[in-house]
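Working through the structure, step by step
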Amino acid sequence: MKALRRLVGDDWGVHPVDHKRPAADLPSRRLPLPERVHLMLAQHVGAPARPVVLVGQKVRKGELIAAAHGNISAPVHASTSGTISAIGEITAPHASGLPGMAISIDADGEDAWIESDPVADPFALSPAEIAARVAAAGVVGLGGATFPSSVKLNLGRRSEIDTLILNGSECEPYLSCDDRLMRERPTDIVSGIRLMLIATGAAQAKVGIEDNKPEAIATMRLAAAAFGAVTIVPVPARYPMGSDRQLIVELSGREVPSDARAADVGVIVHNVATAHAVQQAVVLDRPLVHRMMTLNGGAAAAPGNYEVPLGTLVGDLVTLSGGSKGEVARLLMGGPMMGVVLPHARVPVVKGCSGILLLDAHEVAAAEPHACIRCGSCVRACPMGLLPLEMSARIGHDELEAAVDLGLSDCIACGCCAYVCPSHIPLVQYFYHAKGELSARQRAQLRSEATRKMALGRQQRLEREAREKAAAAARRKAERAARQGAPKAAAAATARQPEQAGERA
């Protein structure tokens, strides 16, 4: 297996200004209930969920409204009680502004939960039972990856996993929802970690928290003190420490080969918010219908962390939390380094949404790009040990395969290279373009191959049909000849009988 060129050392990554305060220091708040929510059917990696409700149907909070479809999928539940008002397209939380299917619920204002069925002793459940409850609750990775959590828990039983790593680093600037969650609900998070240890079969859990979050480290250590298998480990505050591969190296000393998964080196990584969702699902029998997220940015009137019902429109989130101040120059879902620029505010928040940023003109001011001066700053900053300047040069000459040979597929699009580039070259955009172009070419090649196979199959079918028709025609001709030949043979035999009699005489 091909190993990454460099992950160990002190010179990778960047130290952007964190912009986490005052939001990080304010107690979290519950967002007032919006009038309507729009729950996307694709809020996770894998196949979109399939609706199991009809327009006009009344539902309660936590009720299943869309079932998982396929091996990699996750169900969707009502985030409030009310009436199904529509099942159709709405703008998806993506920079393209393309639509996606969603189920809309008009809230009745009661926010009434369905009846739950908590177990007496959740820690006595089997690994399969824990994973099944997590799957039924629709829990996915809440750090942004949104991979169905039950699949990763089951993977732990199929692989030789010895270490469970919990990502509490939250290295993206502006975001602090995981920080607040660890400060305010450490006992629930630790309970979730203990359940995940049972489900995966791992012997130990290590929670990596950046050392610029001393309050979170203290509260989590206090909550985990009674459980020797759970260790809280401060890690250096450096972006992108929250990347799985960097955190694995920092906490376990193991490197994951570029063509392998974390499970191949005996490790599984989950987010601390995911551990909290697992605790809610297994202990309280509560599906994932809301999450903690950060509202921040220079244009945010009331920055802070809010408990938000899934499906809330970004515009409603901003309005219900206090509105904006001045002009919003850029609307982001997620952090400024890897977040998604939203086309407008009529976009619903989803399970993987860790924050909404309202950036003002000063925060998004960008310098004009210039030619590369080959200073090597991007190479030193790359956490994956790649050569961004060489890859971008190959991409600029449409030598995409050469960029792949230099490690394009290992790029995690963290933005470190573009952040430190003195020429202000949008390197990450180049890499996104190249990956998209390679994907398009691959799809075109697959379509071409499929067309070629269909054409070949058609040709073979026509040749087979022609042979079958020729053979059938030959059989019919032979049968006609046989039918016509029988009377002639009989007549000839009759004509020969007198001759034969004369000869006998």
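Located above this text is the structure these notes cover.
The following refers to the structure shown.

1. Looking at the sheet that holds strand E14 (residues 304-309)
Spatial ordering of the open sheet is given by E1-E14-E13-E17-E15-E16, a layout of 6 strands whose pairing is mixed. Each edge of the open sheet is held by one strand with a lone partner, namely strand E1 (29-30) and strand E16 (340-341). Bridging between strand E15 (residues 330-333) and E16 involves 2 bridges; their strand directions are antiparallel. In the sheet register, Leu332 faces E16, and the bridge partner there is Val341.

2. Some details on the packing of helix H1 (residues 127-136) against helix H7 (residues 272-283)
Packed helices, taken two at a time, are described by the angle between their axes plus the distance between the axes. Look at H1 against H7: their axes get within 9 Å of each other, and the N-to-C directions meet at 105°. The angle between the axes of H1 and H7 places the two elements in the roughly perpendicular class. Within the contact between the two elements, H1 uses Ile130, Arg133 and Val134 and H7 uses Val278, Ala281 and Val282. A class-by-class count of the residues in the contact of H1 with H7 yields 5 nonpolar, no polar and 1 charged.

3. Quick look at the pairing of E15
Pairing analysis gives 4 bridges linking E15 to strand E17 (residues 355-359), with the strands arranged antiparallel. Counterpart to Arg330 in the pairing with E17 is Leu359. Between E15 and E16, which follow one another and run antiparallel, lie 6 residues, and Gly334 among them has a positive phi close to 105°.

4. Quick look at the layout of surface pockets
In this model, the second largest pocket occupies a volume close to 1,300 Å³. Forming the boundary of the second largest pocket are 34 residues, of which Arg330, Pro336, Met337, Ala418 and Gln429 lie nearest the centre. Per-element accounting of the lining of the second largest pocket gives the leading share, 4 residues, to helix H14 (residues 427-504). Of the residues belonging to the lining of the second largest pocket, the class tally is 25 nonpolar, 7 polar and 2 charged.

5. Let's talk about unusual backbone geometry
Cis geometry is found at the peptide bond from Arg21 to Pro22, where omega equals 15°. Following the sequence through the fold, Pro22 ends up in the segment before E1. In this structure, Pro240 follows Tyr239 across a cis peptide bond, with omega equal to 0°. Position of Pro240 among the secondary structure elements: in the loop between strand E11 (230-235) and helix H6 (244-252).

6. Digging into the packing of aromatic side chains
The geometry of an aromatic ring pair is captured by the separation of the ring centres together with the interplanar angle, meaning the angle of the planes. If you walk through the whole model with that rule in mind, you get 0 aromatic pairs. Taking the ring centre of Trp12 as reference, the NZ or CZ of Arg238 above it sits at 4.9 Å. Across from the ring centre of Trp113, 4.0 Å away, lies the NZ or CZ of Arg286, which sits over that ring.

Rules and cut-offs
Residues numbered from 1 in each chain as written. Predicted model: local features only at pLDDT ≥ 70, side-chain atom pairs only at ≥ 80, totals over all residues. Heavy atoms only, no water. Pairing = 2+ DSSP bridges. Helix = DSSP H or I, 4+ residues; strand = E, 2+ residues; numbered from the N terminus. Axes fitted to C-alpha atoms, helices over the stretch in contact; angles between N-to-C directions. Parallel < 35°, antiparallel > 145°, perpendicular 65-115°, else oblique. Contact = heavy atoms within 4.5 Å. Nonpolar A, V, L, I, M, F, W, Y, C, P; charged D, E, K, R; others polar. 1 Å grid on protein atoms, 1.4 Å probe; cavity = no way out; pocket = protein on both sides within 12 Å on 5 of 7 lines; lining within 4 Å. Points joined across faces, edges and corners; volume = space filled by probe spheres on them. Phe/Tyr/Trp six-rings, centres within 6.5 Å; stacked < 30°, edge-to-face > 60°. Lys NZ or Arg CZ within 6 Å of the ring centre and 35° of its normal.

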